[in-house]
Amino acid sequence: MNPFAENPRKMEDTFLDWTGLYVRPYDKHSVDPYTRTRAILINGTEFEANWFLHQFSRHCADNELRRKLALLRRGEQQQQKLVSMLKPADETILEHTIGYEQLAVDLTAGLAQMVGDAYVKRALDFALLEDFDHLYRYANLLDLETGVKAEDIVGRYTEIMPGRPTIAHHRHPYDSIKKPIGAETDPMTKLAVGIITAAEQQTMNYYMNVCALYPSEAGRKLYQEIGMVEEQHVSQYGSLMDVHQTWLECLLMHQYTECYLYWSCAQTETCPAVREVWQRLFEMEISHLHLAAQLLRDYENRDWREVVPNPEFPEPLCLKENIDYVRGVLRDTVFDTAVRESWEDVSALRPDFEFFAYQEIVNRDEAAVPSHRVLEDCIARNGQDYRWETQKNPVAALQDRRRDDTSVGRRQSRVPSGVR
């Protein structure tokens, strides 16, 4: 599929009336988990498109160009409003959050297995273990407060057990900044960086906005803590993006990435009604892509092929089970932390490294750390944590269901290699 070879409609012909904007939501009791996660992914992608277009307009002095950006932005706004309606009103904040974290796990794992750049893969694998642990923490809160089992929401496609403990995720801001990709980077890696940045940004925004709306103090605190980690993830992924592109090059890549995602969703969706939504929005996005290409010609006298020299889409992005892959990353890298542009085993760091000083500030009272407190409360009430796993955790320190280990990936003392 080459989206540049498709025939676009006029932009004005893509606008919808109110009836067209309001689609029937999925049924939370019968929906395939990956239909839910696709909706979350696309919602985040559309938010990124809108936010980028606003920033572009605020840094542009040409009002004629800004009018074209406003035209594009209105279309993106309609798409985002439509997609957001797929979430049913009876799906609670916390139930929806389980979908966010399942998306984070299986999207990140999927992209890590598709990219051609080893450095970007390393960044994906690193944050993967943290989102994996977030799923576990929220699932325990869900069990504690409602008795609902998160395994039913994720359809048993994604395991629910400890990853790198959330308490270990809080790092000095300097260590969130990584090396950017460049024009020579392979096409799938370019797509992956844009996709994961938008997805993690959506998660950060969701947690920022629902934090104060959550009804319990334990939940408010947990969203507050994990929302801070999501900001670190957005910083990491955003720092990977190509910093040498012009605004109009970035615009073209945004539209190309959206086309790829809508096409992938249409190719892999199992619900016929939702598949029709993805196909309809893909056709709209084709118009956006062609307008972006026209703007690049008009304002920089450049052809889209200079930005996207290989326009044929790679294989569709398929959200699916990644249990074995996640287990392998967990087994091999759970003790790692971020160190400037790289990642290292925490046991190899100098005692005076900023990570430890920052940990002492934010986690001074370990018992008050929300992600740890939720597990302590679950264990106190039930005698053990809640988890859904196909076999024991591959990390020995994380196998005890009666104890929340807060040292893994955080303290310099660790289980010797080969004894995990």
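Everything here concerns the structure above.
Residues numbered from 1 in each chain as written. Predicted model: local features only at pLDDT ≥ 70, side-chain atom pairs only at ≥ 80, totals over all residues. Heavy atoms only, no water.

**Section: the packing of aromatic side chains**
Thought 1: Applying the stated criterion to the full structure yields 22 aromatic pairs.
Thought 2: Between F56 and W247 the ring centres are 5.2 Å apart and the planes differ by 25°, which places this aromatic pair in the stacked class. Linking F56 in helix α2 (residues 33-58) with W247 in helix α9 (residues 247-268), this pair joins segments that are 191 residues apart in sequence.
Thought 3: Between W263 and F313, the aromatic rings sit 5.1 Å apart at their centres with planes inclined by 40°, giving tilted as the arrangement. Of the two residues, W263 is situated in helix α9 and F313 in the loop between α10 (272-300) and α11 (323-333); the sequence distance between them amounts to 50 residues.
Thought 4: Residue W263 is classed as buried on the basis of its relative accessible area of 13%.
Thought 5: Using a relative accessible area of 9% as the deciding quantity, one classes F313 as buried.
Thought 6: Taken together, the ring pairs in this structure connect F4, Y256, Y260, W263, W304 and F313 into an aromatic cluster.
Thought 7: Directly above the ring of Y119 sits K179, whose terminal nitrogen or CZ lies 4.5 Å from the centroid. (Phe/Tyr/Trp six-rings, centres within 6.5 Å; stacked < 30°, edge-to-face > 60°. Helix = DSSP H or I, 4+ residues; strand = E, 2+ residues; numbered from the N terminus. Buried < 20%, exposed > 50% of the residue type's maximum accessible area, 1.4 Å probe, protein only. Lys NZ or Arg CZ within 6 Å of the ring centre and 35° of its normal.)

**What about the nonpolar core?**
Thought 1: Judged by nonpolar contacts, the single largest core of 117 residues is most densely connected at L107, L251, L252 and W278.
Thought 2: Broken down by element, this core gets its largest block of residues, 14 residues, from helix α5 (residues 118-146).
Thought 3: Every residue in contact with W278, bar those within four places of it in the chain, is listed here: R38, A39, I42, V83, L86, Y262, C265, A266 and E269. (Core = buried A, V, L, I, M, F, W, Y, C linked by side-chain atoms within 4.5 Å. Contact = heavy atoms within 4.5 Å.)

**Comments concerning α9**
Thought 1: Taking 1.5 Å per residue, 22 residues should reach 32 Å; α9 reaches 32 Å between its end C-alpha atoms and fits that length.
Thought 2: Across the 22 residues that make up α9, a large majority, 20, are buried. (Expected span 1.5 Å × (residues − 1).)

**Concerning unusual backbone geometry**
Among all residues save glycine, negative phi is the norm, and among peptide bonds the norm is trans.
Thought 1: With phi around 60°, R156 is a residue other than glycine that occupies positive phi space.
Thought 2: In this fold, R156 is placed in the loop between α6 (150-153) and α7 (187-210).
Thought 3: When its relative accessible area of 39% is taken as the criterion, R156 is described as partly exposed.
Thought 4: Its identity is not glycine, yet N301 carries a phi of approximately 55°, on the positive side.

**Considering the packing of helix α8 (residues 217-239) against helix α13 (residues 370-382)**
Thought 1: It is at 8 Å that the axes of α8 and α13 come closest, and there the two elements cross at 135°. Comparing their axes, α13 and α8 come out oblique. Mapping the contact onto sequence places K221, L222 and E225 in α8 and P370, S371 and V374 in α13.
Thought 2: Looking at the contact of α8 with α13 residue by residue, the class counts come to three nonpolar, one polar and two charged. (Axes fitted to C-alpha atoms, helices over the stretch in contact; angles between N-to-C directions. Parallel < 35°, antiparallel > 145°, perpendicular 65-115°, else oblique. Nonpolar A, V, L, I, M, F, W, Y, C, P; charged D, E, K, R; others polar.)

**Focus on the packing of helix α3 (residues 63-84) against α9**
Thought 1: One can describe the packing of α3 onto α9 by two numbers: an axis separation of 13 Å at closest approach and a directional angle of 30°. When the interaxial angle is binned, α3 and α9 end up roughly parallel. Judged by the twist between their axes, the crossing of α3 over α9 is left-handed. Together, L69, L72, E76, Q79 and V83 of α3 and L251, Q255, E258 and Y262 of α9 make up the contact between the two elements.
Thought 2: Considered class by class, the residues forming the contact of α3 with α9 number five nonpolar, two polar and two charged. (Left-handed = near helix turned anticlockwise from the far one by under 90°.)

**Side note on the environment of N2**
Thought 1: Along the chain, N2 turns up in the segment before α1 (18-21).
Thought 2: By relative accessible area, which is 17% here, N2 ends up buried.
Thought 3: Residues N2 and W247, 245 residues apart in the sequence, show an inter-C-alpha distance of 23 Å.
Thought 4: Only 3.0 Å separates the side chain of N2 from the backbone nitrogen of F4, close enough to count as a polar contact. (Polar contact = N/O pair within 3.5 Å; in protein donor to acceptor, adjacent residues only side chain to side chain.)

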